[in-house]
Amino acid sequence: MATKTTTLDCPHCSNHTQHKLRLVHSFEPTWYGEDGKPCEGPGSSVTHLIYECLSCNDISLYMSVDETDEEPQLCYPDSGILDSSVPLAVRKNYIEAKSVQKKSPNAFALLVRRALEAICDDKGVASNKPLKQRLDSMAAQGIIPPTLAEVTGILRILGNAGAHNSPKDVTIPQTWRIEKLFRAIVEYVYIAPKMVADAKKSIAKPPEI
């Protein structure tokens, strides 16, 4: 029996290319309601699919819920899609950065720098100032803590290296560090506050009778 192939955007090599289906695994999970009790979920089963990219030979993991999803959702590796609590301009720059991470590390660093600028814009930090001053201002206002203020400085420097004609190019291993540092900032500024707010709402919600 021939192995199924389909055309996907590879999150590893960024090519729109043929992928070979290597594994399908379905199971019936236990779903829980807001009251913590088991309940009927959105579907009777969850299916995991592993595809191999025929361009770079790396694998990706997708998930679908009882075929209720319009298309399987990418679980591994990270697609670059940030939580909806993150402003659209920040998310768009990061998604674009992820799409070129391996092809052009310099472009990746530059786009993450743009995402930092978008965070400054969202927080109302003066746009007529150099990025360093804007990041320092965010730290002074308590938008980011001192540790992350140092992180933003590192990202700014690496972003500058990607933007200018420099003998030292940004390397792929450096993009891994850039990504982790940037995600730490986004988690602190946007995602963690939303998680705390959601948790408070769930605790304050009166129990169902």
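Scroll up to find the structure.
Not measured: the values here are computed from a predicted model.

### Regarding the overall build of the protein
Of the regular secondary structure elements, the protein holds 5 helices and 7 strands. The proportion of buried residues among the 209 residues of the protein is 33%. A fraction of 47% describes how many contacts in the protein between residues 6 or more apart in sequence connect residues 24 or more apart. When the accessible surface of the protein is totalled, it reaches about 13000 Å², and 54% of it is carbon and sulfur.

### Describing the sheet that holds strand β6 (residues 59-65)
Pairing within the open sheet is antiparallel, and its 5 strands lie in the order β1-β2-β5-β6-β7. Only two strands of the sheet have a single partner each, and these edge strands are β1 (5-9) and β7 (73-76). When the angles between neighbouring strand axes are averaged without regard to direction, this sheet yields 45°. Summarising the sheet, strand β2 (residues 16-27) and strand β5 (residues 46-53) pair through 8 bridges and their orientation is antiparallel. Paired with Leu 23 across the two strands is Ile 50, which belongs to β5.

### Some words on the packing of helix α2 (residues 105-122) against helix α3 (residues 131-140)
As a packed pair, α2 and α3 sit with axes 10 Å apart at the nearest point and diverge in direction by 50°. Regarding the angle of α2 to α3, the classification is oblique. Crossing of α2 over α3 shows left-handed handedness. Contact residues: Arg 113, Glu 117, Ile 119, Cys 120 and Asp 121 in α2; Leu 131, Arg 134, Leu 135 and Met 138 in α3. Residue classes in the contact of α2 with α3 are distributed as 5 nonpolar, no polar and 4 charged.

### What to know about the packing of helix α1 (residues 88-99) against α2
Viewed as axis vectors pointing N to C, α1 and α2 meet at an angle of 175°, and their least axial separation amounts to 8 Å. If you check the angle between α1 and α2, you find them roughly antiparallel. Contacts between α1 and α2 involve Ala 89, Val 90, Asn 93, Glu 96, Ala 97 and Lys 98 from the former and Phe 108, Leu 111, Val 112, Arg 114, Ala 115, Ala 118 and Ile 119 from the latter.

### Digging into the pairing of β6
As a general feature of sheets, a regular strand has side chains that alternate between the two faces. Sheet topology note: the β5/β6 ladder contains 7 bridges and is antiparallel. Bridge assignment links Tyr 51 to a residue of β6, and that residue is Ser 60. Once β5 ends, the chain turns through 5 residues before running back antiparallel as β6, passing Asn 57 with a positive phi of about 70°. Across 3 bridges, the pairing between β6 and β7 is antiparallel. By the bridge assignment, Tyr 62 is partnered in β7 with Leu 74.

### A short note on the nonpolar core
Ile 119, Met 138, Ile 178, Phe 182, Ile 185 and Val 186 are the most contacted members of the largest nonpolar core, which totals 33 residues. Listed by contribution, the elements that provide at least two residues to this core are α1, α2, α3, α4 (146-163) and α5 (172-204). Sort the elements by how many residues they give to this core and α2 lands first, with 9 residues. In this structure Ile 185 touches Leu 116, Ile 119, Leu 148, Val 151, Thr 152 and Leu 155, once residues within four positions along its chain are discounted. Formed by 5 residues, the second largest nonpolar core is a distinct cluster that contains Leu 8, Leu 49, Tyr 51 and Tyr 62.

### Structural notes on the side chain of Gln 101
The residue Gln 101 is located in the loop between α1 and α2 in this model. Of note is the side chain of Gln 101, whose polar atom sits 3.2 Å from the side chain of Lys 98. Setting aside chain neighbours within four positions, we find Gln 101 in contact with Phe 108, Ile 172, Thr 175, Trp 176 and Glu 179.

Each value, and the rule that gives it
- Each residue is numbered by its place in its chain's sequence as written, counting from 1.
- Where local features are concerned, this predicted model is filtered to residues with pLDDT of at least 70; where side-chain atom pairs are given and counted, the filter is 80 or more; whole-chain, interface and lining totals use all residues.
- Excluding hydrogens and water, the side-chain values take into account all heavy atoms of the structure.
- In this description a helix means any DSSP run of H or I spanning at least four residues, a strand means any run of E spanning at least two, and both kinds are numbered starting from the N terminus.
- Only protein chains enter the accessibility calculation, which uses a 1.4 Å probe; a residue is then buried when its area is under 20% of its type maximum, exposed when over 50%, and partly exposed in between.
- Note on contacts: a residue pair is in contact if any heavy atoms of the two residues lie within 4.5 Å.
- Computed with a 1.4 Å probe, the accessible areas rest on the Shrake-Rupley method; for each residue, only the protein chains presented here act as cover.
- Paired strands, in this sense, are two strands between which DSSP finds at least two bridges.
- Angles here are taken between N-to-C directions and fall from 0 to 180 degrees, while the axes themselves are lines fitted to C-alpha atoms, restricted in helices to the stretch in contact.
- Orientation is classified from the angle alone, with under 35 degrees giving roughly parallel, over 145 giving roughly antiparallel, 65 to 115 giving roughly perpendicular, and any other angle giving oblique.
- Each crossing is labelled by how the near helix is turned from the far one, with a counterclockwise turn of less than a right angle marking it left-handed and a clockwise turn marking it right-handed.
- All amino acids are sorted into three groups, where Ala, Val, Leu, Ile, Met, Phe, Trp, Tyr, Cys and Pro are nonpolar, Asp, Glu, Lys and Arg are charged, and the leftover types, Gly among them, are polar.
- Throughout, nonpolar core names a set of buried Ala, Val, Leu, Ile, Met, Phe, Trp, Tyr and Cys residues whose side chains join them through atoms within 4.5 Å.
- Under this definition, polar contacts are N or O atom pairs within 3.5 Å; protein pairs additionally need one hydrogen-donor-capable and one acceptor-capable atom, and for neighbouring residues in sequence, both atoms have to be side-chain atoms.

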